[in-house]
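The primary structure of each chain is shown beneath.
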Number of protein chains: 4
Amino acid sequence: MAIGEFVKSADFKSEKHVPVIELPEKIEAGKEFLVNVSVGKEIAHPNTTEHYIGWIALYFKPESGNVHNIGRAEFTAHGESTKGANQGPAYTEPSALFKVKLNEPGKFIAVSYCNIHGLWESEVEVKF
Amino acid sequence: MAIGEFVKSADFKSEKHVPVIELPEKIEAGKEFLVNVSVGKEIAHPNTTEHYIGWIALYFKPESGNVHNIGRAEFTAHGESTKGANQGPAYTEPSALFKVKLNEPGKFIAVSYCNIHGLWESEVEVKF
Amino acid sequence: MAIGEFVKSADFKSEKHVPVIELPEKIEAGKEFLVNVSVGKEIAHPNTTEHYIGWIALYFKPESGNVHNIGRAEFTAHGESTKGANQGPAYTEPSALFKVKLNEPGKFIAVSYCNIHGLWESEVEVKF
Amino acid sequence: MAIGEFVKSADFKSEKHVPVIELPEKIEAGKEFLVNVSVGKEIAHPNTTEHYIGWIALYFKPESGNVHNIGRAEFTAHGESTKGANQGPAYTEPSALFKVKLNEPGKFIAVSYCNIHGLWESEVEVKF
Ligand SMILES: [Fe+3]
Ligand SMILES: [Fe+3]
Ligand SMILES: [Fe+3]
Ligand SMILES: [Fe+3]
């Protein structure tokens with residue numbers, strides 16, 4: 001274990017870095033559904049040129065078999081500008097929505113990255 | 001112009017590769033809003049191990065100033081499996097939702113990539 | 001043409017943003033070779049928390065057929081730190097090396113992104 | 001620990017998925033150097049439309065402070081084609097070169113992703 005040692009977790013209600021995974025109440029095998037993953041649901045994370053959430057990755061570990069990378073969302077606008085930091089026209093907030101279809105139950109794991117506070121994760125079970 | 005020569009566009013109602021950008025009716029300067037970008041809104045695009053939409057990128061060109069990369073969503077599960085192509089547990093569909101805050105009007109440009117049909121784009125104006 | 005309108009080009013000897021593609025003298029069909037793509041070869045581009053090259057993407061357009069995305073390198077460390085901008089332990093410079101195998105001649109197109117100066121490109125022909 | 005549970009490691013000489021990190025003999029604080037990260041150095045990994053290494057990410061954990069994402073290389077061409085799987089013009093092999101500058105000692109951690117065999121990692125210490 002190397003990277004796993006440095007991926008932090010916590011309760012998202014008190015720790016703003018933790019990615020929050022939101023699923024529909026009911027998921028059916030072979031049917032599309034939406035997975036919302038966001039950082040800062042309860043306590044907003046800063047979004048400045050100097051401090052921001054850079055990306056969120058979503059993984060799925062089926063009950064049997066290897067982990068699959070579902071997707072990854074990059075957030076690349078943080079107020080940067082030729083006029084100087086935080087003077088720019090655009091900001092991207094750390095929120096992603098993945099449209100997914102699963103053929104097996106398992107669990108989702110989300111990993112998020114803050115450019116100064118490192119890697120954070122959370123997981124949620126998927127049952128049909 | 002090099003890459004621009006190879007990015008195709010068309011009406012999404014007849015061409016399944018074109019990314020569709022959906023915005024709220026009303027956008028206000030400095031207020032968060034959601035930008036949905038998807039491929040296959042009218043005619044579904046295949047999602048198989050051999051043929052899929054790999055990613056969607058979103059750009060914002062303010063009325064004055066340089067283009068900014070807002071974000072990028074990668075779709076990385078396409079039924080691949082140790083059991084063979086299209087036997088896997090997970091599929092990611094080409095749909096992305098970006099949470100954005102703008103301080104200037106301009107236009108969004110979305111670019112999508114099909115692993116066998118190349119680059120596609122569309123654009124939409126943003127007015128406050 | 002939408003995104004193509006905003007991708008700039010120039011001579012890399014006088015314009016520091018232009019990606020430089022370097023190939024071996026001789027390329028053979030079906031044999032691996034290395035493609036170096038870098039920004040700032042002649043005139044270094046800044047690499048600070050506020051201003052940096054975020055990524056380089058490499059495309060290949062075969063003489064016949066659609067454009068293919070060869071790869072993409074993200075540069076994600078720019079001195080950011082909990083101690084403040086430009087106080088961090090790590091910087092990633094905008095240089096990428098792709099190991100590639102081609103079965104057809106065509107051309108490579110590189111696109112680079114500066115977080116405040118936008119999109120830049122260059123191209124080079126591949127002959128066997 | 002969630003994602004760390006599913007990131008596998010092994011000796012790269014017997015296990016083809018493990019990313020191999022190669023550093024120069026001597027690294028100096030504040031001076032640029034190259035970090036090569038590749039999969040399949042000893043035993044080549046398949047590169048087909050159905051089975052490939054999709055990306056390699058590089059992290060740096062300074063002796064004190066949080067982990068930083070140095071970069072990420074995506075390998076996006078695997079012989080896919082409108083003519084069918086493995087008939088395409090281009091293949092990208094899983095090899096990446098990062099140009100880095102560090103101000104503190106620590107360790108690099110590389111993570112690689114096989115689209116059917118999941119996540120793999122390795123690490124190497126950096127001393128000045
Ligand atoms: Fe943070
Ligand atoms: Fe297609
Ligand atoms: Fe610049
Ligand atoms: Fe494998």
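Residues numbered from 1 in each chain as written. Chains lettered and ligands numbered in written order. Predicted model: local features only at pLDDT ≥ 70, side-chain atom pairs only at ≥ 80, totals over all residues. Heavy atoms only, no water.

The subject of this paragraph is the coordination of the iron ion (ligand 1). Between any two of four tetrahedral donors, the ideal angle at the metal is 109.5 degrees; between two of six octahedral donors, it is 90 or 180 degrees. Residues and elements named next belong to chain A. Distances from the iron ion (ligand 1) to its protein donors, H17 (NE2), H45 (NE2), H51 (NE2), C114 (SG) and H117 (ND1), fall within 2.1 to 2.4 Å. Between consecutive donor residues of the iron ion (ligand 1), the sequence gaps follow H-x27-H-x5-H-x62-C-x2-H. In this pair, H45 is assigned in the loop between β3 (33-39) and β4 (53-62) and C114 in strand β8 (residues 106-114), connecting sequence segments 69 residues apart. Each member of the pair, H45 as well as C114, carries the same accessibility label: buried. (Donors = N, O, S within 2.8 Å, 3.2 Å for Na, K, Ca; no water. Helix = DSSP H or I, 4+ residues; strand = E, 2+ residues; numbered from the N terminus. Buried < 20%, exposed > 50% of the residue type's maximum accessible area, 1.4 Å probe, protein only.)

This paragraph deals with the coordination of the iron ion (ligand 2). All names here are of chain B. Note on the iron ion (ligand 2): its protein donors are H17 (NE2), H45 (NE2), H51 (NE2), C114 (SG) and H117 (ND1). The metal-donor distances range over 2.1 to 2.4 Å. Sequence positions of the residues that donate to the iron ion (ligand 2) give the spacing H-x27-H-x5-H-x62-C-x2-H. With H17 in the loop between β1 (7-8) and β2 (19-22) and H45 in the loop between β3 (33-39) and β4 (53-62), the pair connects residues that are 28 residues apart, well separated along the chain. Each member of the pair, H17 together with H45, is buried.

It is worth spelling out the interface of chain B and chain A at this point. Contacts between chain B and chain A engage 33 residues on the former and 33 residues on the latter. Each partner contributes to the roughly 2700 Å² buried at the junction of chain B and chain A, and carbon and sulfur atoms together form 49% of this total. Linking chain B to chain A there are 4 salt bridges. A salt bridge links E104 of chain B to K83 of chain A, with the shortest nitrogen-to-oxygen separation between them at 3.8 Å. (Contact = heavy atoms within 4.5 Å. Buried area = accessible area lost by both parts, 1.4 Å probe. Salt bridge = Lys/Arg side-chain N within 4 Å of Asp/Glu carboxyl O.)

This part is about the interface of chain B and chain C. Residue-level contacts link 27 residues of chain B with 27 residues of chain C. Overall, the association of chain B and chain C removes approximately 2300 Å² of surface from exposure, summing both partners, and the carbon and sulfur fraction of that is 61%. Connecting chain B to chain C are 0 salt bridges. Where the side of chain B that touches chain C is concerned, the elements lending two or more residues are β1, β4, β5 (68-75), β8 (106-114) and β9 (118-126) of chain B.

Chain-level pLDDT for chain A is 96 on average; 99% of the residues reach the 70-or-more range. Reported for the predicted complex are a pTM of 0.98 and an ipTM of 0.97. (pLDDT = per-residue confidence, 0-100.)

Next up on the list: the side chain of H68 of chain D. The topology assignment puts H68 of chain D in strand β5 (residues 68-75). With relative accessibility at 4%, the residue H68 of chain D sits in the buried group. Residues in contact with H68 of chain D, not counting those within four places in the same chain, are Y113 and N115 of chain A, E80 and P89 of chain C together with L58, Y59, F60 and P62 of chain D.

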